[in-house]
Amino acid sequence: MGEEIQGEAAAGPVKDRCWGQREALPGEPRCVICGRYGEYICDETDDDICSLQCKQTLLGRLASSCKAVNLPPTVKLPASDDCFYVRDDKGPQTDQFSSDQIGLLRKKLDIIVKRESAPAPILSFSSCNLPQRLQDNLEIAGYEIPTPVQMQAIPAALVGMNLLVTADTGSGKTASFLIPVISWCSNTRFKLSSEQKKPLAMVLAPTRELCVQVEEQAKLLGKGLPFKTALIVGGDAMATQVYRLQQGVELIVGTPGRLIDLLTKHDIELDEISILVLDEVDCMLQRGFRDQVMQIFRALSQPQVLMFSATISQEVEKMASSMAKDLIFISAGKPSKPSDSVKQIVIWVDSKHKKQKLFEIMMSKQHFKPPVVVFVGSRLGADLLAEAITVKTGLRVLSVHGEKTMKERRESLRLFLLGEISVLVATGVLGRGVNLLGVRQVIIFDMPNSIKEYVHQIGRASRLGEEGSAIIFVSEEDKNLFRELVEILKASGASVPRELTNSPYSLGSNNSGRKQKKRKYGC
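All of these numbers come straight from a predicted model, not from anything done at the bench.

> Looking at this structure, how should I read the overall build of the protein?
The helix and strand inventory of the protein stands at 18 helices and 22 strands. A total of 523 residues make up the protein; the buried ones form 54% of that total. Within the protein, residue pairs in contact and separated by at least 24 positions form 68% of the contacts whose partners lie at least 6 positions apart. When the accessible surface of the protein is split by element, carbon and sulfur atoms take 47% of a total near 24300 Å².

Following this line, the structure appears as structure tokens:
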């Protein structure tokens, strides 16, 4: 399993930071905090961990546990953490909770459910009646205890409810739909004849990267079960994807455009699909995928619909209500606001000086906290900035954007996640959904077009409540976002640069109205 993390291991000093540890290989122990190679055993808890950093995080979580609020004695609620610590091996029986206890539990976890018929939250994966192999895979993958969104979404999905779910960035939304999907598919496949090869579930996501990540996670959690997947995205040969489908799969993961293209050219039967998952619904609408999503939905036979969206706009609600009846809305945390775990540091810097300021940060031991993701506004800008950083600082830097091939993008992400490169320059393609474990610092070189995207991008610096920092470059060019940005910074307790505070664009609609009146009357 590894050696106790005290002093030095026989093979060398214990690693200080989790990003210095490699990814776990199949069958190897995984760190209970970050999922990397669990090279050591924590001497105080006997848990597998990868570094001193994750040991401190683990002990900090245990120390933060507090008394339960009028709940059964087997349950302990933490004061400020997303996790539960359960002593009952069989898992707590949530149906023993009174309605008052359920209300207190949801309030404690910032869970809002807009329908009384929704089941109570689960407090452990073992209480879900999942296939034993799936439970084993969850444990191997480091899913010790469900996060708040998983506590509420999983039991509701398992009983066949249609859901519209919104939760914080990095809160565990992917497992919230994959666990019910894998459980349903594997149980159903056991009951069907071996000749039945039609897909049983489908996940649609807006980007290739997100699809790749979802499918990889699905394969990990479904290992050893009658559960095969097919990845349907652009950039890979369609013939290979068609062949994969023809061999028989349980789950399709794909982007709407490529899936429509494939269905148009090939005869793929979808009549057995019982669950349709739409991940990052708001992003799909922004990218113009609504008609394609609805076309795919109409090709199915009234599936259960699980929708996950970072923000719930009127357009999202309208689309959701058109696809599913008796929809249950679930909100966990404060999904439209920056995570409290991310420290926002705003720097006022003119556009012509941004590169120099970035170089200064990256050459400062005090301010540079790798691994780092730098967000830029254009594909060309990503390539040029990555090259400039390498030349100026000597750091190995790669870029990720939509014009890169799938092979190039996968390789860049692989090297970054393995710690072989410490800086990744990316467009907004990495701002949504993609799991960037280990990232604790984000630098927004170019402000995005909306505050929603800003919230997502800085959220990459925090995963499941871990502390991180975001350095944001702001200039007069970003004036359209000043008012909302100031509101977010003040609400988060972050410092607001004087130039931003004093800008007329930060003063709100009343000031804008006075300016328009002056122009109208020539004053």
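There is more to say, and it comes next.
> Help me out: how do you make sense of the sheet that holds strand β22 (residues 468-474) in this one?
Paired through their backbone hydrogen bonds, the strands of a sheet run either parallel or antiparallel. Here six strands make up an open sheet; going across it, the order is β17-β22-β21-β18-β20-β19 and the pairing parallel. Whereas interior strands pair on both sides, the edge strands pair on one side only; in this sheet they are β17 (342-348) and β19 (397-400). Across the sheet, the mean angle from the axis of one strand to that of its neighbour is 20 degrees, orientation sign disregarded. Alignment of strand β18 (residues 372-375) against strand β21 (residues 441-444), held across four bridges, turns out to be parallel. Its bridge partner lying in β21, Val 373 is registered against Val 442. Contacting β18, β19 and β20 (423-426), helix α13 (residues 379-393) crosses the sheet at an angle of about 175 degrees to β19. Across the sheet, helix α16 (residues 482-492) lies against β17 and β22, angled at about 135 degrees from β17, the strand it touches most.

> How should I be thinking about the pairing of β19 in this particular structure?
A regular strand places its side chains on the two faces of the sheet in alternate fashion. Pairing analysis gives four bridges linking β19 to β20, with the strands arranged parallel. The residue bridging Val 400 from the neighbouring strand is Ala 426, located in β20.

> Even after reading the chapter, I still don't get helix α5 (residues 173-191), so can you show me in this structure?
Along an α-helix, residues three or four apart share an orientation, since each turn contains 3.6 residues. Here α5 spans 28 Å end to end across 19 residues, near enough to the 27 Å set by a 1.5 Å rise per residue. Most of α5 sits out of view: 15 of its 19 residues are buried.

> Whenever I open this one, the pairing of β18 confuses me. Can you help?
The alternating pattern of β18 places Val 372 and Val 374 and Val 373 and Phe 375 on opposite faces, both of which are buried. The pairing of β18 with β20 spans four bridges and is parallel. Bridging across to β20, Val 373 finds its partner in Leu 424.

> Would you take a moment to explain the packing of aromatic side chains for this structure?
Aromatic ring pairs: the centre-centre distance and the angle between the two ring planes describe each pair. Scanning all chains against the criterion turns up four aromatic pairs. Aromatic side chains Trp 348 and Phe 482 sit 5.8 Å apart centroid to centroid with 55 degrees between the ring planes, which places their arrangement in the tilted category. One end of the pair, Trp 348, is in strand β17; the other, Phe 482, is in helix α16, with 134 residues separating them in the sequence. A relative accessible area of 22% places Trp 348 in the partly exposed class.

> I'm lost on the sheet that holds strand β12 (residues 229-232) in this one. Help?
Spatial ordering of the open sheet is given by β9-β16-β10-β15-β14-β11-β13-β12, a layout of eight strands whose pairing is mixed. Two strands in the sheet have a free side with no partner beyond their single neighbour: β9 (111-113) and β12. The average undirected angle you get between the axes of adjacent strands in this sheet is 15 degrees. Summarising the sheet, strand β10 (residues 163-167) and strand β16 (residues 328-332) pair through five bridges and their orientation is parallel. Bridge pairing links Val 165 to Ile 330 in β16. Relative to the sheet, α5 contacts β10, β11 (201-204), β13 (251-254), β14 (275-279) and β15 (304-308), its axis offset from that of β14 by approximately 165 degrees. Across the face of the sheet, helix α6 (residues 208-221) comes into contact with β11, β12, β13 and β14 while running at roughly 175 degrees to β12.

> Looking at this model, I keep getting lost on the environment of Gly 402. Mind explaining?
On the secondary structure map, Gly 402 appears in the loop between β19 and α14 (406-417). Distance from Gly 402 to Ala 426, taken between C-alpha atoms, is 9.5 Å for residues 24 residues apart in sequence.

> Quick question: what am I supposed to make of the environment of Val 400 here?
By secondary structure assignment, the location of Val 400 is in strand β19. The exposure class assigned to Val 400 is buried, which follows from its relative accessible area of 0%. For the pair Val 400 and Ala 426, spaced 26 residues apart in sequence, the C-alpha to C-alpha distance is 4.8 Å.

> It is not clear to me how the environment of Lys 228 should be interpreted in this structure. Could you clarify?
If you trace the backbone, Lys 228 turns up in the loop between α6 and β12. In this structure the C-alpha to C-alpha distance between Lys 228 and Glu 215, which are 13 residues apart in sequence, comes to 9.8 Å. Filtering out sequence-adjacent residues up to four positions away, Lys 228 remains in contact with Arg 244, Gly 248, Val 249, Glu 250 and Leu 251.

> Where do I start with the packing of helix α8 (residues 256-265) against helix α10 (residues 290-298) in this structure?
The axes of two packed helices give the description: the angle between them and the distance between them. Where α8 contacts α10, the two axes come as close as 9 Å, and the packing angle between them is 50 degrees. Here α10 runs oblique to α8, going by the angle between their axes. In the crossing of α8 with α10, the sense of the turn from one axis to the other is left-handed. Residues Pro 256, Gly 257, Leu 259 and Ile 260 of α8 lie in contact with α10, whose contacting residues are Gln 292, Val 293, Gln 295 and Ile 296. Grouping the constituent residues of the contact of α8 with α10 by class yields five nonpolar, three polar and no charged.

> How should I be thinking about the confidence of the model for the protein in this particular structure?
Detailed reading of the predicted model is not advised wherever pLDDT is low. Scored by pLDDT, the protein has a mean of 80; 82% of the residues are at 70 or more. For residues 64-95, every residue scores under 50 in pLDDT, and the model assigns this stretch 70 contacts once sequence neighbours within four places are set aside. Low confidence marks residues 509-523, where pLDDT is under 50. Its contacts with residues over four positions away, or in another chain, come to four contacts.

> I keep staring at the nonpolar core and nothing clicks. Help me out?
Across soluble globular proteins, nonpolar side chains show a tendency to be buried alongside one another. Core analysis: the largest hydrophobic core is formed by 54 residues, its most contacted members being Leu 163 and Leu 251. Per element, the largest residue contribution to this core is seven residues, and it comes from α5. Discounting chain neighbours no more than four positions away, the residues touching Leu 251 are Leu 178, Val 181, Ala 201, Met 202, Val 203, Ala 218, Phe 227, Lys 228, Thr 229 and Ala 230. By size, the runner-up hydrophobic cluster in this structure holds 36 residues, among which are Met 238, Ile 273, Leu 285 and Met 307.

About the criteria used
- Residues numbered from 1 in each chain as written.
- Predicted model: local features only at pLDDT ≥ 70, side-chain atom pairs only at ≥ 80, totals over all residues.
- Heavy atoms only, no water.
- Helix = DSSP H or I, 4+ residues; strand = E, 2+ residues; numbered from the N terminus.
- Buried < 20%, exposed > 50% of the residue type's maximum accessible area, 1.4 Å probe, protein only.
- Contact = heavy atoms within 4.5 Å.
- Areas by Shrake-Rupley, 256 points an atom, 1.4 Å probe, with all protein chains shown as cover.
- Pairing = 2+ DSSP bridges.
- Axes fitted to C-alpha atoms, helices over the stretch in contact; angles between N-to-C directions.
- Expected span 1.5 Å × (residues − 1).
- Phe/Tyr/Trp six-rings, centres within 6.5 Å; stacked < 30°, edge-to-face > 60°.
- Parallel < 35°, antiparallel > 145°, perpendicular 65-115°, else oblique.
- Left-handed = near helix turned anticlockwise from the far one by under 90°.
- Nonpolar A, V, L, I, M, F, W, Y, C, P; charged D, E, K, R; others polar.
- pLDDT = per-residue confidence, 0-100.
- Core = buried A, V, L, I, M, F, W, Y, C linked by side-chain atoms within 4.5 Å.

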